[in-house]
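Take a look at the letters that make up each chain.
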Amino acid sequence: MSEQHLTIFDTTLRDGEQSPGAAMTREEKLRIARQLERMRVDVIEAGFPSASNGDFEAVRAIAETIKESTVCGLARANETDVRRAGEAIKPAKSGRIHTFIATSPIHMEKKLRMSPDQVVDAAVAAVKLAGEYTADIEFSAEDAVRSDFDFLVRVFDAVIKAGATTINVPDTVGYSIPELWGERMRKLIESVPGADRVVWSTHCHNDLGLAVANSLSAVLAGARQVECTINGLGERAGNASLEEVVMAVRTRGDLFSCATRIDTTQIVPASKLVSQITGYPVQPNKAIVGANAFAHESGIHQDGVLKHRETYEIMRAEDVGWTTNRLTLGKLSGRSAFKSRLKELGIELHSEEALNAAFGRFKDLADKKREIFDEDIYALAGDDTIAPDHEHYRLVSSMFHSETGEAPVAKLTLAVGSGAARVEHQVEADGGGPVDATFKAIEKVAASGSDLLLYSVNAITTGTDAQGEVTVRLSKNGRIVNGQGADTDIIVASAKAYINALNKLEAGPERVNPQV
Ligand code: KIV
Ligand code: ZN
């Protein structure tokens, strides 16, 4: 079998961002984009530039920064979206426009209220317009899984003639099963005129837990691009997980006549970064990136692995990045070692003051914790990747009192506003527990009127001196945001997470979902 290239198209920053509360700031997106580039992802779908000015700016910033991956912007098949995506990717060394329109009867009739002829015309016009900005044009037939086969052939034929270079076949609602999905891909490649001039792509959602299996089936049938996300993040049950697709193709190279160019040792760092930024924890038994993915519990397995690793392991933990760069810095590390580690991890702070502040927190942490790991660095740098003008609330200091038989009390000093308008407030509240008291104290100042949807705590590393990482999900007027905070004191981490979520509610612009 001659080996072909399998393009990895990462849509963590676009479809992944459509997970509730996973909206990211420009700086957060840049950090993830740099890690994706380091991992040698072929195409980074950086966002949907028409969603908001913030999204446009984020895609543009990524296009300006990333050099080793193609940077892609999503556009519905209309003039405004395509032009906006075209402008956003303009600075990219290699830029792609991904335009899409729904092709299933249910979407055309009920959502778009367009006839099939109108859909074909809109698709062709969008692809032609995209050609004014780039020669790298991807077209997707949204809800291809429920689209009439002959209509799909007609649409794909028309957009290839109009200049599309990648044809993406999405299972938008996660409805297919591997056998049928592979069959659909094979028949499309056989039936669409000009199929050999384009790259065939698959984009699967995980509603039935089959996104990776369906994607792999499409690859076996001839697809040469897989659209996927880190940790399988994405709309509803998520998208196909990048790490599972990449490692399946690599581990079962005997079955696939293609290979990716991914640096697999960057997978775990990417997973941790995405989890930390979005506030979506990785389940311990998640394949490849879960904490237990390479842990052997039973005595028989442990014995077997010690005698000969391949008895129970089909992949090596170090090949996906579990052991590389774990222990990073210690108490004696200086500012320049800290700065260069930040750089290696792709963390860019917005100013020298932010670097100094993060270094100060690093020193404080090193006093409390013997060993500092990359995960700790990601967490402690988090605060300062947010530009100060996005930070309406800041925790200045805190004191907690908790005693058997007494209601716990939180006393906080919070700074509100920025620059000369910044005012400090001292507040105090009691509650059912110290976290409850803390949130009540913050709300005395913020009076946000938001609802708390989720509160979760995870230990970032092992040991009782580990930092606790807290995620808080708030909802207000239909908008959902996730806030994160990390500290060796989990009550302080909780306060930081709540404040982080409030800042996102405060700063975040209203965004349009491309599929609504
Ligand atoms: O799921 C889907 O159909 C999409 C398209 C925009 C490709 O995300
Ligand atoms: Zn999707």
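Structure: above.
Below, the structure is looked at part by part. What you are looking at is a predicted structure, and each value in this text was computed from that prediction instead of being measured. (Residues numbered from 1 in each chain as written. Chains lettered and ligands numbered in written order. Predicted model: local features only at pLDDT ≥ 70, side-chain atom pairs only at ≥ 80, totals over all residues. Heavy atoms only, no water.)

**Some words on the overall build of the protein**
To be explicit about the condition: To qualify as a helix, a DSSP run of H or I must reach at least 4 residues; to qualify as a strand, a run of E must reach at least 2; elements of each kind are numbered from the N terminus. Our radius of gyration looks at C-alpha atoms and nothing else; its globule reference is 2.2 Å times the residue count to the power 0.38. Each residue is placed in one exposure class: buried if its accessible area under a 1.4 Å probe, protein chains only, is under 20% of its type's maximum, exposed if it is over 50%, and partly exposed if it falls in between. When checking whether two residues touch, look at their non-hydrogen atoms; a contact exists if any pair is within 4.5 Å. Here the open area of atoms and residues is found with the Shrake-Rupley method and a 1.4 Å probe, where only the protein chains shown may cover a residue. His is not counted, nor are the chain ends; Lys and Arg add positive charge and Asp and Glu add negative charge. A charged residue contributes its charge at one atom only: NZ of Lys, CZ of Arg, CG of Asp or CD of Glu.
Of the regular secondary structure elements, the protein holds 16 helices and 18 strands. The C-alpha atoms of the protein give 24 Å as radius of gyration, which agrees with the globular expectation for 516 residues (24 Å, within 12%). Out of the 516 residues belonging to the protein, those deemed buried represent 57%. When contacts within the protein are restricted to residue pairs at least 6 apart in sequence, long-range pairs at least 24 apart make up 68% of them. As displayed, the protein has an accessible area near 21700 Å², and 51% of this comes from carbon and sulfur atoms. Taking the average place of the 58 positive charges on the side chains of the protein and the average place of its 73 negative ones, the gap between the two points comes to 2 Å.

**What to know about the side chain of Q266**
Structurally, Q266 can be placed in the loop between β10 (258-259) and α10 (267-278). Judged by its relative accessible area of 15%, Q266 is buried. For Q266, the contacting residues outside a window of four places in its chain are Q35, R38 and M39.

**Notes on the nonpolar core**
We apply this condition: Here the nonpolar core consists of buried residues drawn from Ala, Val, Leu, Ile, Met, Phe, Trp, Tyr and Cys, with membership extended through side-chain atoms lying within 4.5 Å.
Formed by 114 residues in total, the largest nonpolar core has its most connected members in M39, F139, F156, I167, L188, W200 and F338. Once residues within four sequence positions are removed from consideration, F338 is found in contact with L329, L355, A358, F359, F362, I377 and L380. Residues Y393, L474, A493 and I499 belong to the second largest nonpolar core, which totals 27 residues.

**Observations concerning the pattern of salt bridges**
So the rule is basically this: When a carboxyl oxygen of Asp or Glu is within 4 Å of a side-chain nitrogen of Lys or Arg, the pair counts as a salt bridge.
In total, this model carries 30 salt bridges according to the counting rule given. In this structure, the salt-bridge partner of D42 is R261, at a minimum N-O distance of 3.2 Å. In this pair, D42 sits in the loop between α1 (26-38) and β3 (43-47) while R261 sits in the loop between β10 and α10, placing the two residues 219 residues apart along the sequence. On the basis of relative accessibility, which here comes to 11%, the residue D42 falls in the buried class. Since its relative accessible area comes to 25%, R261 is described here as partly exposed. One salt bridge in this structure joins R394 and E391, with 3.6 Å as the shortest N-O distance. Residue classification places R394 among the partly exposed residues on the basis of a relative accessible area of 28%. Through salt bridges with shared partners, one network takes in R14, D15 and E45.

**Focus: the state of the cysteines**
Counted only if it meets this: When two cysteine sulfur atoms are found within 2.5 Å, that pair is recorded as a disulfide.
As enumerated under the stated definition, the model contains 0 disulfides in all. Not engaged in a disulfide, the cysteine C258 finds its nearest cysteine sulfur in C228; these two sulfurs lie 13 Å apart. Looking at C258, the relative accessible area reads 2%, which means it is buried.

**Concerning the coordination of the zinc ion (ligand 2)**
Counted only if it meets this: Note that water is not among the atoms considered, so a metal site may appear incomplete; the donors listed are N, O and S atoms within 2.8 Å of the metal, with 3.2 Å applied to Na, K and Ca.
Coordination of the zinc ion (ligand 2) by the protein is provided by D15 (OD), H203 (NE2) and H205 (NE2), with metal-donor distances spanning 2.0 to 2.1 Å. Mapped onto the sequence, the donors of the zinc ion (ligand 2) take the spacing D-x187-H-x1-H. With D15 in the loop between β2 (7-10) and α1 and H205 in the loop between β8 (199-204) and α8 (211-220), the pair connects residues that are 190 residues apart, well separated along the chain. A single burial state applies to D15 and to H205, both of which are buried.

**Let's talk about the sheet that holds β8**
Heads up, the rule is: For two strands to be treated as a pair, DSSP must find at least two bridges joining them. The convention used is that axes are lines fitted to C-alpha atoms, helices contributing only their stretch in contact, and that angles between N-to-C directions extend from 0 to 180 degrees.
Pairing is parallel in the closed barrel, where 8 strands are placed in the order β2-β3-β4-β5-β6-β7-β8-β9. With direction set aside, neighbouring strand axes in the sheet form an average angle of 25°. Taken together, the 6 bridges between strand β4 (residues 70-76) and strand β5 (residues 95-102) define a ladder with parallel strand orientation. The partner of A75 across the bridge, within β5, is T99. Contacting β4 and β5, helix α3 (residues 79-89) crosses the sheet at an angle of about 165° to β4. Along the sheet, helix α5 (residues 116-130) makes contact with β5 and β6 (137-142), crossing β5 at roughly 170°.

**Digging into the sheet that holds strand β14 (residues 409-416)**
Pairing is antiparallel across the open sheet formed by 3 strands, whose spatial order is β13-β14-β15. The sheet is open, and its two borders are formed by β13 (393-401) and β15 (423-430), each paired with just one other strand. Between one strand axis and the next, the sheet turns through 15° on average, direction left out of account. By the bridge criterion, 8 bridges tie β14 to β15 in an arrangement that is antiparallel. Across the sheet, V416 pairs through a bridge with V423, a residue of β15. Across the sheet, helix α15 (residues 434-446) touches β13, β14 and β15, and the angle it forms with β15 is around 140°. With respect to the sheet, helix α16 (residues 490-507) is in contact with β13 and β14, its orientation differing from that of β13 by roughly 150°.

**Comments concerning the site of ligand 1**
Put simply, the rule is: Neighbouring residues are identified by heavy atoms, a residue being near a molecule or strand if any of them is within 4 Å of it. Under this definition, polar contacts are N or O atom pairs within 3.5 Å; protein pairs additionally need one hydrogen-donor-capable and one acceptor-capable atom, and for neighbouring residues in sequence, both atoms have to be side-chain atoms. Residue type decides the class: Asp, Glu, Lys and Arg count as charged, Ala, Val, Leu, Ile, Met, Phe, Trp, Tyr, Cys and Pro as nonpolar, and the leftover types, Gly among them, as polar.
The environment of ligand 1 is formed by R14, D15, H98, F100, S140, E142, N168, P170, T172, H203, H205 and Q515. Between an oxygen atom of ligand 1 and a side-chain N or O atom of H205, the distance comes to 3.0 Å. The side chain of Q515 places a nitrogen or oxygen atom 3.2 Å from an oxygen atom of ligand 1. Contact with the protein chains removes 100% of the 260 Å² of surface that ligand 1 exposes when unbound. Those elements that provide at least two residues to the shell around ligand 1 are β5, β6 and β7 (166-171). For the shell around ligand 1, a count of residues per class yields 2 nonpolar, 7 polar and 3 charged.

**Observations regarding a nonpolar patch on the surface**
Inclusion rule: Two distance rules govern patches: like charges are joined within 9 Å, and nonpolar side chains (Val, Leu, Ile, Met, Phe, Trp, Tyr) within 5 Å, applied only to residues with over 30% relative accessible area and no salt bridge.
Taken together, L452, Y455, V457 and I490 make up a surface patch of nonpolar side chains, about 310 Å² in accessible area. For the nonpolar patch, the element with the highest residue contribution is strand β16 (residues 451-459), accounting for 3 residues. One can find I490 in helix α16. For I490, a relative accessible area of 38% corresponds to the partly exposed category.

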